[in-house]
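# Overview (structure and organization)
Each chain, written out:
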Amino acid sequence: MTQTRLTRAEQQARTRARLLAAAEELLVRQGYGATSLDLVAETAGYSKGAIYSNFASKEALFLALLQGYMHRLQADLEALIASPEPGPDRVGLTDWLQALPVDENCLRLTTELQLQARRNPAFAADFYALQQNHFAAVTTHIRRLAGPAVDRMPIPPETLARVVLALAHGLGLQAPVNSDAAPASDTGALIAAVLNLALPQGI
C-alpha cells in the first residue's frame, strides 16, 4: 500500500502537534521551570531547531498550549450557546455543566503560567493578553445567554465571565489529584447556580 506523502503544511502541523504534546507531558510531570526546550525536543523526537521553526520561545510554546485549551472550551460553548434560533440550547448547556470535565493538565498549565507571569513582566504582557481574549470570548457567550435582559443583570457580563472561569479553575485546584473530594459535577453545578442567579431568566 502506497503511503500518501504529507504536504509541507501537513508536516509542520504534525511537528507542531507533537511538540505541544511533549511540552504538556513534561509540564505535568515536572513543572514549567524544569522543562527545557532541549528536553521538549528530545521527548518529541526532534532537534531543538524544530521548536524554533514553530515557536519563538519557551513561553510562546506554552502559551500556544494554553490557547489550545481555551479554544476547545470556547468551541464547546459556541456549540451550546450560539445555536440557531429559537435561541441558546439551555438544556444542553445545563447538561454540559453538570458533566463539566475538570482537565488536570489544563489546571496545572494555567497555574504554572500564572506564576511565570508574576515573575516575568515581559511574559506577563503576552499571558494577560491571551487571558483577556479568553474573558472576552466567554463574555460574548454570556451576553448571548442573557439576550435582551442583559441590562438587568446584577453584575456586568464581563465580571460574570471572570467569576465563572475563576470558579472552574479554583475549585479544580482545591480537589486532590485522583480524588472525589470535588468531583466535576459539583464544580459544574455551582457554576450553573451562579449563572441562574446572575442571568435574569436563568439557564
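Refer to the preceding data block for the structure.
Notes on the structure follow. (Residues numbered from 1 in each chain as written. Predicted model: local features only at pLDDT ≥ 70, side-chain atom pairs only at ≥ 80, totals over all residues. Heavy atoms only, no water.)

So, on to helix H1 (residues 8-30). Between the first and last C-alpha of H1 there are 33 Å, a value that for 23 residues agrees with the 33 Å anticipated at 1.5 Å per step. Of the positions making up H1, those classed as buried are Thr-15, Leu-19, Leu-20, Ala-22, Ala-23, Leu-26 and Leu-27. Buried residues along H1 sit in contact with helix H2 (37-44), helix H3 (48-54), helix H4 (58-81) and helix H6 (104-119). One or two positions beyond H1, positive phi appears at Gly-31, with a value near 90°. (Helix = DSSP H or I, 4+ residues; strand = E, 2+ residues; numbered from the N terminus. Expected span 1.5 Å × (residues − 1). Buried < 20%, exposed > 50% of the residue type's maximum accessible area, 1.4 Å probe, protein only. Contact = heavy atoms within 4.5 Å.)

A separate point is the nonpolar core. Residues Val-40, Leu-61, Phe-62, Leu-109 and Leu-113 are the most contacted members of the largest nonpolar core, which totals 28 residues. Listed by contribution, the elements that provide at least two residues to this core are H1, H2, H4, H6 and helix H7 (121-146). For this core, the leading source of residues is H4, giving eight residues. If near-sequence neighbours (up to four positions away) are discounted, Phe-62 is found in contact with Ala-23, Leu-27, Tyr-32, Thr-35, Leu-109 and Leu-113. (Core = buried A, V, L, I, M, F, W, Y, C linked by side-chain atoms within 4.5 Å.)

Right, let's talk about the environment of Phe-123 for a bit. When you line up the elements, Phe-123 lands in helix H7. For the pair Phe-123 and Ala-60, spaced 63 residues apart in the sequence, the C-alpha separation amounts to 8.9 Å. Here Phe-123 is in contact with Glu-59, Leu-63, Leu-113, Gln-116 and Ala-117, once residues within four sequence places are set aside.

This model, assessed by the stated rule, comprises four salt bridges. Close ionic contact of Glu-104 with Arg-108 constitutes a salt bridge, the shortest N to O distance being 2.9 Å. Of the two residues, Glu-104 and Arg-108 are both situated in helix H6; the distance of four residues between them amounts to about one turn of the helix. Its relative accessible area of 27% is what places Glu-104 among the partly exposed residues. Between Glu-158 and Arg-143 there is a salt bridge, and its shortest N-O distance comes to 2.9 Å. One end of the pair, Glu-158, is in helix H8 (residues 157-174); the other, Arg-143, is in helix H7, with 15 residues separating them in the sequence. (Salt bridge = Lys/Arg side-chain N within 4 Å of Asp/Glu carboxyl O.)

Our next topic: the packing of aromatic side chains. Taken as a whole, this structure holds three aromatic pairs when the rule is applied. Taking the centre distance of 5.2 Å and the plane angle of 65° together, the rings of Tyr-32 and Phe-62 count as edge-to-face. Taken as a pair, Tyr-32 in the loop between H1 and H2 and Phe-62 in helix H4 lie far apart in primary sequence, 30 residues in all. Here the two residues Tyr-32 and Phe-62 agree in accessibility, since each one is buried. (Phe/Tyr/Trp six-rings, centres within 6.5 Å; stacked < 30°, edge-to-face > 60°.)

From the geometry alone we can't say anything about function, so treat these as descriptive.
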